[in-house]
Amino acid sequence: MGDHAVNRFVEEVTVEPDAIARAREAALELGAEPISAAVGVQCATIAAVGRALNIVEIGTGGGVSGLWLLRGAPQATLTTIDVEPEHLGAARHAFAQAKVPPARARFITGRAAEVLPRMNEASYDIVLVDAEPEGVIEYVEHGLRLVRPGGTVLVPRVLAGGAVADPVKRDEVTTAYRSLIQEVAQSPAVLGALNTAREGLLQLTTLASV
């Protein structure tokens, strides 16, 4: 069975709640690129297993990724950062439609490179990095600084449509994702796992000091 058939099967058996499906439809109409349902449910599972209480996401995806994270961590507070006010507006509406209490979500309009340095170090359980891929390494570095020991940085889309596996592909985006995956594999400070379903999800969990 080829990768395409496997991905189709995974997508078919993944049940997306109605509120998230509506958020996805609205996000696509805006031109946002939300994470797939297959990756969303992985994020929700990681949030649930880690009993996350404080989450940051870079890039709202129109509210889709945030709703998935909050589905896994119903007591968490989510801070979502996006440079596009329309995408944040869509996320705010999606959260309201899903009856997410206002106190559980904070919306910040701005460039992540300017916002993240002002956020508290080692204060978050999960940081989801779903912003412009050219800055992915910088954002992941910030994310690893922000998560507590044992916290997790999640990076969807790291497969770049399969291009990262092709050594001939050397464009800026593919190179950035490939470099990130290779650097993680060599780091003694994090435990990295790469899931290849749909657009891919890189999970980086910081190791607590002994």
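This is a predicted model, so every value here is computed, not measured.

Cut-offs applied
Residues numbered from 1 in each chain as written. Predicted model: local features only at pLDDT ≥ 70, side-chain atom pairs only at ≥ 80, totals over all residues. Heavy atoms only, no water. Salt bridge = Lys/Arg side-chain N within 4 Å of Asp/Glu carboxyl O. Buried < 20%, exposed > 50% of the residue type's maximum accessible area, 1.4 Å probe, protein only. Helix = DSSP H or I, 4+ residues; strand = E, 2+ residues; numbered from the N terminus. Contact = heavy atoms within 4.5 Å. Pairing = 2+ DSSP bridges. Phe/Tyr/Trp six-rings, centres within 6.5 Å; stacked < 30°, edge-to-face > 60°.

## With respect to the pattern of salt bridges
Taken as a whole, this structure holds four salt bridges when the rule is applied. Its salt-bridge partner being Arg24, residue Glu16 comes within 2.7 Å of it at the nearest N-O pair. Here Glu16 matches Arg24 in class, with each residue buried. Salt-bridge contacts for Glu114 lead to Arg111; the nearest nitrogen and oxygen are separated by 3.4 Å. Look at Glu114 and you get partly exposed, because its relative accessible area is 47%.

## What about the side chain of Gln42?
Along the chain, Gln42 falls in helix α3 (residues 37-49). In contact with Gln42, other than residues within four places in its own chain, are Asn195, Ala197 and Leu201.

## A few points about the pairing of strand β6 (residues 190-195)
Across six bridges, the pairing between β6 and strand β7 (residues 201-206) is antiparallel. Bridge assignment links Gly192 to a residue of β7, and that residue is Leu204.

## Some details on the packing of aromatic side chains
Evaluation of the coordinates by the stated rule reveals one aromatic pair. With 5.6 Å between their ring centres and 50° between their planes, Phe95 and Phe107 make a pair best called tilted. Of this pair, Phe95 sits in helix α5 (residues 85-97) while Phe107 is found in strand β3 (residues 105-109), placing the two residues twelve residues apart along the sequence. An identical accessibility class is assigned to Phe95 and Phe107; each is buried.

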